Amino acid sequence: MPNSPSDTPRRITVQRRGPLLVEGPVEVELEDGTTVRSDRFRVALCTCRRSRRYPWCDTSHRDRSRNQQGGQEQKDREGK
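These remarks concern the structure in this document. (Residues numbered from 1 in each chain as written. Predicted model: local features only at pLDDT ≥ 70, side-chain atom pairs only at ≥ 80, totals over all residues. Heavy atoms only, no water.)

## Looking at unusual backbone geometry
Then step 1. Here the residue pair G24 and P25 is connected by a cis peptide bond, since its omega of 0° sits within 30 degrees of zero.
Then step 2. Mapped onto the secondary structure, P25 falls in the loop between β2 (20-23) and β3 (26-29).
Then step 3. Following Y54, the chain continues to P55 via a peptide bond in cis, the omega torsion being 15°.
Then step 4. Tracing the backbone through its elements, the reader meets P55 in the loop between β5 (42-45) and α1 (60-78).
Then step 5. Phi angles above zero are rare outside glycine, and R49 is one such case at about 65°.
Then step 6. With respect to the helices, strands and loops of the structure, R49 is situated in the loop between β5 and α1.
Then step 7. At T59, a residue that is not glycine, the phi angle is positive and equals roughly 65°.
Then step 8. Positionally, T59 belongs in the loop between β5 and α1. (Helix = DSSP H or I, 4+ residues; strand = E, 2+ residues; numbered from the N terminus.)

As structure tokens, this is what we get:
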């Protein structure tokens, strides 16, 4: 992706307990040097590394949050 003065900056939205939302299209360079590309107008990049489609978010973080909250509710009911 060339960076020229006429390129408009990409908007990245940071969400607490969620993915990074990036206005696309985007290219992502992975740790091993491979590059993946999405032509979508907005993509969700996984930040929890639970996604089976990494680096794209598949909402796996939602299950983890619900389980953690449910576990705390169970402890509260048991008086722990």
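Having seen the model, we can carry on.
## So, the side chain of S60
Then step 1. Assignment of secondary structure puts S60 in helix α1.
Then step 2. Apart from residues lying up to four places away in sequence, S60 is in contact with R50, S51 and R52. (Contact = heavy atoms within 4.5 Å.)

## Description of the state of the cysteines
Then step 1. All told, the structure shown has 0 disulfides when counted by the stated rule.
Then step 2. Counting only cysteine sulfurs, C46 is the nearest neighbor of C48, a cysteine outside any disulfide, at a range of 3.8 Å.
Then step 3. Among the cysteines around C57, which has no disulfide bond, C46 carries the closest sulfur, lying 5.7 Å off. (Disulfide = S-S within 2.5 Å.)

## Section: the pairing of β3
Then step 1. Burial of the side chains of β3 is restricted to one face: V26 and V28 are buried, whereas none of E27 and E29 on the reverse face is.
Then step 2. Note that β3 and strand β4 (residues 35-38) share 4 bridges and pair antiparallel. Bridging from a neighbouring strand, V28 pairs with V36 of β4. (Buried < 20%, exposed > 50% of the residue type's maximum accessible area, 1.4 Å probe, protein only. Pairing = 2+ DSSP bridges.)

## A word on the sheet that holds β5
Then step 1. Strand order in the open sheet formed by 3 strands is β1-β2-β5, and the pairing between neighbours is antiparallel. Edge positions in the sheet fall to β1 (12-14) and β5, since each of these pairs with one other strand and no more. On average, each strand axis in the sheet is inclined to that of its neighbour by 20°, with strand direction left out of account.
Then step 2. Note that β2 and β5 share 4 bridges and pair antiparallel. For L21, the partnering residue across the bridge sits in β5 and is A44. (Axes fitted to C-alpha atoms, helices over the stretch in contact; angles between N-to-C directions.)

Honestly, it's all geometry; don't read function into it.
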